[in-house]
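Below, each chain spelled out in residue letters.
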Amino acid sequence: MKTQVAIIGAGPAGLMLSHLLHLEGIDSIIVECRTREEIEGTIRAGVLEQGTVDLMNATGVGTRMMREGHVHHGIELQYNGIRHRVNMYELTEGKTIMVYPQHEIIKDLVARRLKDQGTIYFNVRDVSLHNINTDTPKIQFRKEENSELLEITCDFIAGCDGYHGPSRKMIPDEIRNEKKQIYPFGWLGILAKTPIANPELIYANHDRGFALISTRTPQIQRHYLQVDPNDDIANWSDDRIWSELKTRVETKDGWTLPDGPIIQKNIVSMRSFVCEPMQYGRLFIAGDAAHIVPPTGAKGLNLAMSDVQVLTKGVAAFYHCGDKDKMQRYSDIALRRVWKAQRFSWWMTTMLHRNHNHSPFERGIQVSELAYVTSSRAALTSLSENYTGLPIEWGSMEALHSQV
Ligand code: RFL
Ligand code: PHB
């Protein structure tokens, strides 16, 4: 097989990249190691920045999101049992966020790629990358266990295979610079059959730990609790989860959290991670393959989307104008935004979680930070512009609008 761009991974990064390249008239093939049912059923992110919403709409895949998603004009920050509304819409002069689940975006993008005759191989085995430092890179894979090895030759490989995928490790050790921080926190996430708890997300700092109240649909809610990252989910009965959530988010003015059957629960650990550079030879890595943020800033999926917009601009310049320079700058341009999102995610995480290793002095500083942020228009504006999404260099997709 032959294509222009071989893409490893059908997550948000790989699917959106393939879609954007198609709109630019550039051919790609995606190989994905999970089944279509698995990728369309995995519960992950929920919050889309304004820019991600605009991208979905501008490229013709936003119809269901606009119908079924929920636009939020702000969030609430809570500490010492008191809530403080952050009116992001007003502070950013009109920007909002959208609550629309990641697996619904995956469904929308898969459907659109297949409608546009795109090729996605699901459930593949043994994906490997070859000749990435030549003009004729290739990937090999098997359609199923023990079947013959197939080969895709291409001009470029896009490694969109998440944190555990094989792409990043193909960048030689002496060139690859990985910067990371592990947090002593985990998030216990639940999906529950209850009515919407609050019109906007609540980020709560409590002496017993952080809690987040989010939503999915009018009938299903998504909430999170800070727990020990090594804790076992078996230790968390539904009753214990509701009791802990209520303790951390209920307020002194009588607001109560609706409870109900929990239909899914799990614990994830938290880390910050950046791989530099995001390119080696003809291999370009994007999304979680190149960087991980703790989920407190709701940035992971959104960063995956901004990476592939920058990458598309570089690839399009190569094919349409013979300009090789723009692709060579992909890593530098993408990393500038990655580091800004890393800073914001680290800051939100540090401000909102209860670090039991902290001294009373450090806890005092944390509470004072919350007091400052919730009372200063300058600080609230900074939080809002980061949360709704910073601009993307080269990001405007105007060239694509006419082709939707
Ligand atoms: P993905 O989604 O991990 O997709 C990678 C794909 O590559 C496949 N793959 C392979 N395919 C072929 N061969 C191999 N050897 C392969 N190895 C892996 C995988 O099967 C998979 O399908 O990466 P991508 O596309 O970069 O997207 C990143 C996002 O998924 C991630 O950043 C977000 O989910 C993070 N995140 C959030 N991001 C937001 O923007 N807003 C949020 O509100 C938000 N909330 C969250 C989150 C992540 C969470 N978890 C589970 C860590 C909340 C949570 C709890
Ligand atoms: C979610 O709804 O899954 C969600 C919302 C906000 C975050 C992280 C996750 O910061």
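Scroll up for the structure.
Only a predicted model underlies this, so the values are computations on that prediction, with no experimental measurement involved.

S.K.: How should I be thinking about the overall build of the chain in this particular structure?
M.R.: Within the chain one finds 13 helices and 20 strands. Taken over the C-alpha atoms alone, the chain extends approximately 65 × 45 × 45 Å along its principal axes. The buried share among the 404 residues of the chain stands at 56%. For the chain, the share of sequence-separated contacts (at least 6 apart) that also reach a separation of at least 24 residues comes to 73%. Carbon and sulfur atoms provide 49% of the accessible area of the chain, an area that totals close to 16,900 Å². Between the averaged position of the 45 positive side-chain charges in the chain and that of its 48 negative side-chain charges there is a distance of 1 Å.

S.K.: Which parts of the structure should I look at to understand the packing of helix α1 (residues 12-23) against helix α8 (residues 300-321)?
M.R.: Geometrically, a packed helix pair is captured by the angle between its two axes and the distance between the axes. Direction vectors running N to C along α1 and α8 enclose 30°, while the axes themselves pass 9 Å from each other. Like other packed secondary-structure pairs, α1 and α8 cross with a definite hand, here right-handed. In contact with Pro12, Ala13, Met16, Leu17, Leu20 and Leu21 of α1, α8 contributes Leu301, Ala304, Met305, Val308, Gln309, Leu311, Thr312 and Val315. Tallied by class, residues from the contact of α1 with α8 come to twelve nonpolar, two polar and no charged.

S.K.: What's the story with the site of ligand 1 in this structure? I'm lost.
M.R.: Around ligand 1 sit 31 residues in total, of which Ala13, Glu32, Gln102, Asp288 and Leu301 are the nearest. Gln102 has a polar side-chain atom sitting 2.7 Å from an oxygen atom of ligand 1. At 2.8 Å from an oxygen atom of ligand 1 is found a main-chain nitrogen or oxygen belonging to Leu301. When contributions to the shell around ligand 1 are tallied by element, the ones reaching two or more residues are α1 and α8. In terms of residue count, α8 provides more of the shell around ligand 1 than any other element does, four residues in total. Across the shell around ligand 1, the residue classes tally to 16 nonpolar, nine polar and six charged.

S.K.: Whenever I open this one, the sheet that holds strand β19 (residues 283-285) confuses me. Can you help?
M.R.: By way of backbone hydrogen bonds, the strands of a sheet pair with one another, either parallel or antiparallel. An order of β8-β2-β1-β12-β19-β18 is seen for the six strands of this open sheet, with the pairing classed as mixed. Whereas interior strands pair on both sides, the edge strands pair on one side only; in this sheet they are β8 (119-121) and β18 (279-280). In this structure, strand β2 (residues 28-31) lies alongside β8, joined through three bridges in parallel fashion. Following the sheet pairing, Val31 is matched in β8 by Tyr121.

S.K.: Got a minute to help me understand α1 in this structure?
M.R.: Think of an α-helix as 3.6 residues a turn; residues three or four steps apart then line up on the same face. The end-to-end C-alpha separation of α1 is 16 Å, in line with the 16 Å expected for twelve residues at 1.5 Å each. Taken across its twelve residues, α1 has eleven buried, putting it largely inside the fold. Taken together, the buried positions of α1 are Pro12, Ala13, Gly14, Leu15, Met16, Leu17, Ser18, His19, Leu20, Leu21 and Leu23. Two residues or fewer after α1 comes Gly25, characterised by a positive phi angle close to 80°.

S.K.: Explain the site of ligand 2 to me, please; I cannot follow it from the model alone.
M.R.: Residues in close proximity to ligand 2 total 14 residues, the closest being Tyr203, Ser214, Arg216, Tyr224 and Pro295. In the model, an oxygen atom of ligand 2 is placed 2.8 Å from a nitrogen or oxygen of the Tyr203 side chain. At 2.6 Å from an oxygen atom of ligand 2 is found a side-chain nitrogen or oxygen belonging to Tyr224. Relative to its unbound accessible surface of 280 Å², ligand 2 loses 97% to contact with the protein. Tallied by class, residues from the shell around ligand 2 come to eight nonpolar, three polar and three charged.

S.K.: Please clarify how the sheet that holds strand β14 (residues 202-205) should be interpreted in this entry.
M.R.: Pairing within the open sheet is mixed, and its eight strands lie in the order β6-β5-β14-β15-β16-β13-β17-β20. Here the strands that pair on one side only, and so sit at the sheet edges, are β6 (82-86) and β20 (291-292). One ladder, built from five bridges, connects strand β5 (residues 75-79) with β6; its direction is antiparallel. When the sheet's bridge partners are listed, Gln78 is paired in β6 with Arg83. Contacting β5 and β14, helix α11 (residues 360-373) crosses the sheet at an angle of about 145° to β5.

S.K.: What's the story with empty space enclosed by the protein in this structure? I'm lost.
M.R.: In this approach a probe as big as a water molecule rolls over the atoms, and the regions it shows empty are the leftover space. Overall, the coordinates contain four cavities of 30 Å³ or more when judged by the stated rule. Its volume calculated, the largest cavity comes out at about 60 Å³. Lining the largest cavity are Glu49, Lys299, Arg337, Lys340, Ala341, Phe344, Asn386, Gly389 and Leu390. No other element matches helix α10 (residues 330-352), which puts four residues into the lining of the largest cavity. Its residues assigned to classes, the lining of the largest cavity shows three nonpolar, two polar and four charged.

S.K.: Is there a simple way to think about unusual backbone geometry in this case?
M.R.: If a residue is not glycine, its phi is most likely negative; likewise, a peptide bond is most likely trans. Cis geometry marks the peptide bond from Glu276 to Pro277, where omega comes out at -5°. Structurally, Pro277 can be placed in the loop between β17 (262-276) and β18. The phi dihedral of Asn80 falls on the positive side, at around 50°, and the residue is not glycine. Relative to the helices and strands, Asn80 resides in the loop between β5 and β6. You can call Asn80 partly exposed: its relative accessible area is 48%. Here the phi dihedral of Ala298 falls at roughly 55°; this positive angle occurs in a residue that is not glycine.

Procedures and definitions
- Residues numbered from 1 in each chain as written.
- Chains lettered and ligands numbered in written order.
- Predicted model: local features only at pLDDT ≥ 70, side-chain atom pairs only at ≥ 80, totals over all residues.
- Heavy atoms only, no water.
- Helix = DSSP H or I, 4+ residues; strand = E, 2+ residues; numbered from the N terminus.
- Buried < 20%, exposed > 50% of the residue type's maximum accessible area, 1.4 Å probe, protein only.
- Contact = heavy atoms within 4.5 Å.
- Areas by Shrake-Rupley, 256 points an atom, 1.4 Å probe, with all protein chains shown as cover.
- Lys, Arg positive; Asp, Glu negative; His and termini not counted.
- Charge placed at Lys NZ, Arg CZ, Asp CG, Glu CD.
- Axes fitted to C-alpha atoms, helices over the stretch in contact; angles between N-to-C directions.
- Left-handed = near helix turned anticlockwise from the far one by under 90°.
- Nonpolar A, V, L, I, M, F, W, Y, C, P; charged D, E, K, R; others polar.
- Near = heavy atom within 4 Å.
- Polar contact = N/O pair within 3.5 Å; in protein donor to acceptor, adjacent residues only side chain to side chain.
- Pairing = 2+ DSSP bridges.
- Expected span 1.5 Å × (residues − 1).
- 1 Å grid on protein atoms, 1.4 Å probe; cavity = no way out; pocket = protein on both sides within 12 Å on 5 of 7 lines; lining within 4 Å.
- Points joined across faces, edges and corners; volume = space filled by probe spheres on them.

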